[in-house]
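Analysis of the macromolecular model
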Amino acid sequence: MNFIKSYFKLDQYKTSVKTEFLAGLTTFISMSYILFVNPNVLGDSGMNTGAVFTATALAAALGTAIMGIVANYPIGEAPALGINAFFAYTVCVGMHVKWQTALASVFVASIIFILITLFKLREKIIDAIPSDLKFAISSGIGLFIAFLGLQDGGLIVDNKSTLVGLGSLHNPLVWITIFGLLVTVILMILNVPGAIFIGMVLSAIFGICTGQIAIPHKVVSMAPSLAPTFGQAVFHIKDINTLQMWIVVLTFLLVTFFDTAGTLIGLAQQAGFMKNNKMPRVGKALAADSSAMMVGSVLGTSPVGAFVESSAGIAVGGRTGLTAVFVAIFFLISMIFSPLLAVFTTQVTAPALIIVGVLMAQNTAHIHWNKLEIAVPSFLILLGMPLTYSISDGLALGLITYPICMVAAKRGKEVSPMMWVLFVVFLIFLWVLNY
């Protein structure tokens, strides 16, 4: 016990093992929905949902354990929402790329991630992106996630006349989503820990009671086999042999950049870790998610990143890596509950996507809307992601427009060389897609 207190510096951060345990449990409950949402999202790409469930749990446990033991931060890691949507719907469904090749792209991106983290290039690239566009990217991903949730729940459907329209309220499955959304919102407003997870559980019970969801034959079993997905990322590296696939690799790299960096900084500010506008041990924290991303791709899941739901554990007093270690342990224990996967249908997980979208969209408040040269590229990113059904397309619209708008506003000198590089990269990206 004394070793634990000393290693994680519990006295220095004025916390205790009990507090860290409760914080870890709170964070796990808050982010555990990813165990059921991730298989649903990646399943649409053709991946085996059971294998994805196990890969998600293992990748989350590993990444979170490294974050706690190496970086000593109370931050949970898991396959991130948004980038998993890009993986499934943009790369696999939209670009007709096999999921095995998409995993290989994640693996290659993670190798590059590790290299640029070691050479401290990652921080420099992140610093080059204007803060307004970072907020727009995070918010745009949130809108895209919410749009997916509305679709999964049947609240938004395709319409030949208007492209999209309101779903039928006569569909009993829609009411599972409506019930779950209302319950989750009420719980979150009341500041109930684990509101998203509790909302999902109550939605599943509601679906079972209304006869729309079948009762599982058992609750506990051995974790599903990783065989369908394990190692596919390595076996299919040879498939990354076109300009289009290298653009996919770059996009995985960029999107994970923005998502993780923004989350880490936000959580560090909440916990009071920031010093002189810099995050201590940021290199170790970045190494945690880049290494977890690599292992996760080999196991069979989309990129792993820091989870904003870690703020729930920080709010109840989590201040050290011991919180993260407890979160990792809970993820390992959760693997035996795979039979519940069938209960958490898309209608049950849809409210989680919508709510996370709301949380991410709050970043729009930090964008300087009164400056047109900032507002236009930010707006194109925000609206472009859901309307093109592609995170990368939304990125392209904003990052191509930004330097043009800045030059028009006679602020061209403020555009960094890296932004001009991204301008060229995304021009090529759009050309490749259309070609």
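For clarity, every value in this text was computed on a predicted model and none was experimentally measured. (Residues numbered from 1 in each chain as written. Predicted model: local features only at pLDDT ≥ 70, side-chain atom pairs only at ≥ 80, totals over all residues. Heavy atoms only, no water.)

So, the overall build of the chain
Helix and strand content of the chain: 19 helices and 4 strands. Taken along the three principal axes of its C-alpha coordinates, the chain extends 60 × 60 × 45 Å. Here the chain holds 435 residues, and 55% of them are scored as buried. Across the chain, contacts joining residues at least 24 apart in sequence account for 80% of those joining residues at least 6 apart. Just so you have it, the chain exposes about 18,300 Å², and 69% of that area is on carbon and sulfur atoms. Each charge class in the chain was averaged separately, 21 positive and 16 negative side chains, and the resulting centres sit 9 Å apart. (Helix = DSSP H or I, 4+ residues; strand = E, 2+ residues; numbered from the N terminus. Buried < 20%, exposed > 50% of the residue type's maximum accessible area, 1.4 Å probe, protein only. Contact = heavy atoms within 4.5 Å. Areas by Shrake-Rupley, 256 points an atom, 1.4 Å probe, with all protein chains shown as cover. Lys, Arg positive; Asp, Glu negative; His and termini not counted. Charge placed at Lys NZ, Arg CZ, Asp CG, Glu CD.)

Concerning the pattern of salt bridges
Under the definition given, this model contains 2 salt bridges. In this structure, E373 engages R411 in a salt bridge whose closest nitrogen and oxygen atoms are separated by 2.6 Å. With a gap of 38 residues between them, E373 in helix 17 (residues 372-388) and R411 in the loop between helix 18 (391-408) and helix 19 (417-434) connect regions that are remote in the sequence. Between E414 and R411 there is a salt bridge, and its shortest N-O distance comes to 2.8 Å. What emerges from the salt-bridge pattern is a single network uniting E373, R411 and E414. (Salt bridge = Lys/Arg side-chain N within 4 Å of Asp/Glu carboxyl O.)

Points about the side chain of E373
The exposure class of E373 is buried, given its relative accessible area of 16%. In terms of polar contacts, E373 uses its side chain to reach the side chain of R411, at 2.6 Å. Those residues in contact with E373 that lie beyond four places of it in its chain are Y402, C405, M406, A409 and R411. (Polar contact = N/O pair within 3.5 Å; in protein donor to acceptor, adjacent residues only side chain to side chain.)

Overview of the nonpolar core
Core analysis: the largest hydrophobic core is formed by 102 residues, its most contacted members being Y33, F87, F252, F331 and F426. It is helix 6 (residues 99-118) that provides the largest number of residues to this core, a total of 10 residues. Residue-level mapping places this core at the junction of two domains, with at least three residues from each of domain 1 (14-167 + 223-343) and domain 2 (369-434). Counting 15 residues, the second-largest nonpolar core is a separate cluster that includes M67, L264, A285 and A306. (Core = buried A, V, L, I, M, F, W, Y, C linked by side-chain atoms within 4.5 Å. Domains from an automatic or database assignment.)

As for the domain arrangement of the chain
Once the domains are mapped, the chain shows domain 1 (14-167 + 223-343) and domain 2 (369-434). Using only C-alpha atoms to locate each centre, domain 1 and domain 2 end up separated by 24 Å. Of the residues lining the interface, 30 residues belong to domain 1; the matching set on domain 2 comes to 25 residues. Here domain 1 and domain 2 share an interface that buries about 2,300 Å² over both sides, 85% of which is from carbon and sulfur atoms. It is L133, F144 and I247 that lose the most area in domain 1 upon contact with domain 2, and together they represent 22% of the buried surface on that side. Our count for the contact surface shared by domain 1 and domain 2 stands at 0 salt bridges. In this assembly, domain 1 and domain 2 are joined by 2 residue pairs in polar contact (both at pLDDT 80 or more). Going through the elements one at a time, helix 5 (83-94), helix 7 (121-128), helix 8 (131-152) and helix 12 (243-271) are the ones with two or more residues in the side of domain 1 that touches domain 2. (Buried area = accessible area lost by both parts, 1.4 Å probe.)

A closer look at helix 15 (residues 321-334)
Between its terminal C-alpha atoms helix 15 stretches 20 Å, which fits the 20 Å expected from 14 residues at 1.5 Å a residue. Taken across its 14 residues, helix 15 has 11 buried, putting it largely inside the fold. When helix 15 is considered as a whole, its buried residues turn out to be G321, L322, T323, A324, V325, F326, V327, A328, F330, F331 and S334. (Expected span 1.5 Å × (residues − 1).)

A short note on the pairing of strand 3 (residues 163-166)
Summarising the sheet, strand 2 (residues 156-159) and strand 3 pair through 4 bridges and their orientation is antiparallel. For N159, the partnering residue across the bridge sits in strand 3 and is L163. (Pairing = 2+ DSSP bridges.)

Focus: the environment of K120
Mapped onto the fold, K120 is located in the loop between helix 6 and helix 7. With relative accessibility at 56%, the residue K120 sits in the exposed group. For the pair formed by K120 and G283, sequence separation is 163 residues and the distance between their alpha carbons is 7.5 Å.

Considering the packing of helix 5 against helix 6
Between helix 5 and helix 6, the least distance of the axes is 10 Å, while the angle of their chain directions is 120°. When the interaxial angle is binned, helix 5 and helix 6 end up oblique. The handedness of the crossing between helix 5 and helix 6 comes out as right-handed. Contacts between helix 5 and helix 6 involve F87, V91 and C92 on the former and, on the latter, W99, A102, L103 and V106. Grouping the constituent residues of the contact of helix 5 with helix 6 by class yields 7 nonpolar, no polar and no charged. (Axes fitted to C-alpha atoms, helices over the stretch in contact; angles between N-to-C directions. Parallel < 35°, antiparallel > 145°, perpendicular 65-115°, else oblique. Left-handed = near helix turned anticlockwise from the far one by under 90°. Nonpolar A, V, L, I, M, F, W, Y, C, P; charged D, E, K, R; others polar.)

Description of a nonpolar patch on the surface
A cluster of nonpolar side chains, M1, F3, I4, Y7, I69 and V70, forms an exposed patch at the surface whose accessible area comes to about 600 Å². Considering each element in turn, the nonpolar patch owes the most residues, 3 residues, to helix 1 (residues 2-7). Take F3: it is sitting in helix 1. (Patch = residues over 30% accessible without salt bridge, like charges linked within 9 Å, V, L, I, M, F, W, Y side chains within 5 Å.)

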